[in-house]
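Commentary on secondary and tertiary structure
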Amino acid sequence: MKNVIKNPWVIGAVVVIAGVALLGLSHPVKAPVASDTSEMATSTSTAATTTGALIAVAPKGPFPIDTADAITVWSFTGLYAGNAALIKQSTDDITHLTGLIGKGQYDDYDLFESIANDYATIGDGAKAYDYYNRAIRMHPKKGLGYANLGNLLNQLHAYYTAADAYAKAVAVEPSTLEYHFERLNYLTRQFPTDDARILAAIADAAANPFVDLAPLYAIKAQWLESQHRYAGAVTAWQKAKTLSSGQDTSAIDAAIARDTAKQ
């Protein structure tokens, strides 16, 4: 079976590729993004023409929507929006993978993940949410479903639920470094003023004996920079430099100089 991962914000190459292939982990820090209902409404017609009638009510699943979020439209502009050939490729893939469920050729968990990824490429958030939840129901101690769900919920502007999902991925598989960094990049980008939440995520990552602490402190420094907390950023950069012994630290030196000048 071919690899069906096509969406750049979807984590993991499942079914035929072992391991986790993460999207780029370096995201610029910015202020929280307010829910843009006009964009969501605009995307409705795209999803409706490719996946049939939209689901008007929240799909059911073991990972609930946080009460702080309200998803009114479960569609968005998918990666393949406007490309009929790629949309057909995804819908054909969904049909093919659905026919393999329960046959024993592949783990149904991987099939559910792949089907969810396909639905995400065409912007059908309801069905993607449903299939990620099917995967979670089958293997609740695997982090991939939660991490992919976090990416989906971010697309649906359910930012608190996305944060919950990333935290759950870390909780069930704390040894998987990618989940820690994905969680941190998400929180510093979407909740930059929530010190308690971010510092807890940093502590969780630092507790992992296999984590490379240099990029962890770099993320912390960039976050503090975004909040104009330059003294703390300098301290974090200095820690990252100390942990980068033997490597080219010229970029870190430049960051230290820049933030020192801004104090």
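Further up the page is the structure itself.
Okay, so let's go over this structure. Not measured: the values here are computed from a predicted model.

**Some thoughts on the overall build of the protein**
When you go through the protein residue by residue, the secondary structure sums to eleven helices and zero strands. Listed N to C, the secondary structure of the protein is α-α-α-α-α-α-α-α-α-α-α in terms of helices and strands. By residue count, 48% of the 263 residues in the protein fall in the buried class. A separation of at least 24 residues holds for 65% of the contacts in the protein among residues at least 6 apart in sequence. For the protein, the exposed surface amounts to about 11,800 Å²; the carbon and sulfur share of it is 57%.

**Here we look at helix H4 (residues 125-138)**
Residues three or four positions apart in an α-helix share a direction because the helix packs 3.6 residues into each turn. Taking 1.5 Å per residue, 14 residues should reach 20 Å; H4 reaches 20 Å between its end C-alpha atoms and fits that length. Among the residues making up H4, those that are buried are Gly125, Ala126, Ala128, Tyr129, Tyr131, Tyr132, Asn133, Ala135 and Ile136.

**Focus on the environment of Gly82**
Mapped onto the elements of the fold, Gly82 is located in the loop between helix H1 (37-51) and helix H2 (84-98). Owing to a relative accessible area of 79%, Gly82 belongs among the exposed residues under this scheme. A C-alpha to C-alpha distance of 9.4 Å links Gly82 and Ile122, two positions 40 residues apart in sequence.

**Here we look at the pattern of salt bridges**
Evaluated as defined, the whole model comprises nine salt bridges. Across the pair Asp194 and Arg197 runs a salt bridge, and its minimum N-O distance is 3.0 Å. When its relative accessible area of 24% is taken as the criterion, Asp194 is described as partly exposed. When its relative accessible area of 25% is taken as the criterion, Arg197 is described as partly exposed.

**Description of the packing of aromatic side chains**
Summed over the entire model, instances satisfying the criterion amount to seven aromatic pairs. When the ring of Tyr166 is compared with that of Tyr186, the centres are 4.9 Å apart and the planes differ by 45 degrees; the resulting orientation is tilted. Here Tyr166 is found in helix H6 (residues 159-172), whereas its partner Tyr186 is found in helix H7 (residues 177-190), with 20 residues between them in sequence. The two residues Tyr166 and Tyr186 agree in class, both being buried. Site record: aromatic cluster; members linked through ring pairs are Tyr160, Tyr166, Tyr186 and Phe191. Above the plane of the ring of Tyr131 lies Arg134, whose end atom (NZ or CZ) is 4.2 Å from the centre. Lying over the aromatic face of Trp223, Arg229 brings its terminal NZ or CZ to 5.2 Å of the ring centre.

**Looking at the environment of Pro174**
Mapped onto the secondary structure, Pro174 falls in the loop between H6 and H7. In sequence terms Pro174 and Ala205 are 31 residues apart; their C-alpha atoms lie 8.0 Å from each other. Excluding residues within four positions of it along the chain, Pro174 makes contact with His180 and Asn208.

**Details of the nonpolar core**
One finds Leu149, Leu152, Leu184, Tyr186 and Trp237 to be the most contacted residues of the largest nonpolar core, which totals 66 residues. It is H6 that provides the largest number of residues to this core, a total of eight residues.

**Remarks on helix H8 (residues 195-206)**
If you check H8, its first and last C-alpha atoms are 16 Å apart, about what twelve residues at 1.5 Å a residue would give, namely 16 Å. When we look at burial in H8, the residues that qualify are Ile198, Ala201, Ile202 and Ala205. Projected onto a plane normal to the axis of H8, the buried residues spread over an arc of 100 degrees and lie on a single side. Residues of H8 that are buried make contact with H7 and helix H9 (213-226).

**Things to note about unusual backbone geometry**
The backbone of His157 shows a phi angle near 65 degrees, a positive value even though the residue is not glycine. Structurally, His157 can be placed in the loop between helix H5 (144-155) and H6. One non-glycine residue, His228, lies in the positive phi region at around 60 degrees. With respect to the secondary-structure elements, His228 resides in the loop between H9 and helix H10 (230-242).

**Some remarks on the packing of H10 against helix H11 (residues 250-262)**
Relative orientation of the contacting elements H10 and H11 amounts to 160 degrees, with a least axis distance of 9 Å. Compared by their axis directions, H10 and H11 come out roughly antiparallel. Judged by the sense of rotation from one axis to the other, the crossing of H10 with H11 is left-handed. On H11, the residues that touch Tyr230, Ala233, Val234, Trp237, Gln238, Ala240 and Lys241 of H10 are Ile252, Asp253, Ala255, Ile256, Arg258, Asp259, Thr260 and Lys262. Considered class by class, the residues forming the contact of H10 with H11 number eight nonpolar, two polar and five charged.

Cut-offs applied
- Residues numbered from 1 in each chain as written.
- Predicted model: local features only at pLDDT ≥ 70, side-chain atom pairs only at ≥ 80, totals over all residues.
- Heavy atoms only, no water.
- Helix = DSSP H or I, 4+ residues; strand = E, 2+ residues; numbered from the N terminus.
- Buried < 20%, exposed > 50% of the residue type's maximum accessible area, 1.4 Å probe, protein only.
- Contact = heavy atoms within 4.5 Å.
- Areas by Shrake-Rupley, 256 points an atom, 1.4 Å probe, with all protein chains shown as cover.
- Expected span 1.5 Å × (residues − 1).
- Salt bridge = Lys/Arg side-chain N within 4 Å of Asp/Glu carboxyl O.
- Phe/Tyr/Trp six-rings, centres within 6.5 Å; stacked < 30°, edge-to-face > 60°.
- Lys NZ or Arg CZ within 6 Å of the ring centre and 35° of its normal.
- Core = buried A, V, L, I, M, F, W, Y, C linked by side-chain atoms within 4.5 Å.
- Arc of directions from axis to C-beta.
- Axes fitted to C-alpha atoms, helices over the stretch in contact; angles between N-to-C directions.
- Parallel < 35°, antiparallel > 145°, perpendicular 65-115°, else oblique.
- Left-handed = near helix turned anticlockwise from the far one by under 90°.
- Nonpolar A, V, L, I, M, F, W, Y, C, P; charged D, E, K, R; others polar.

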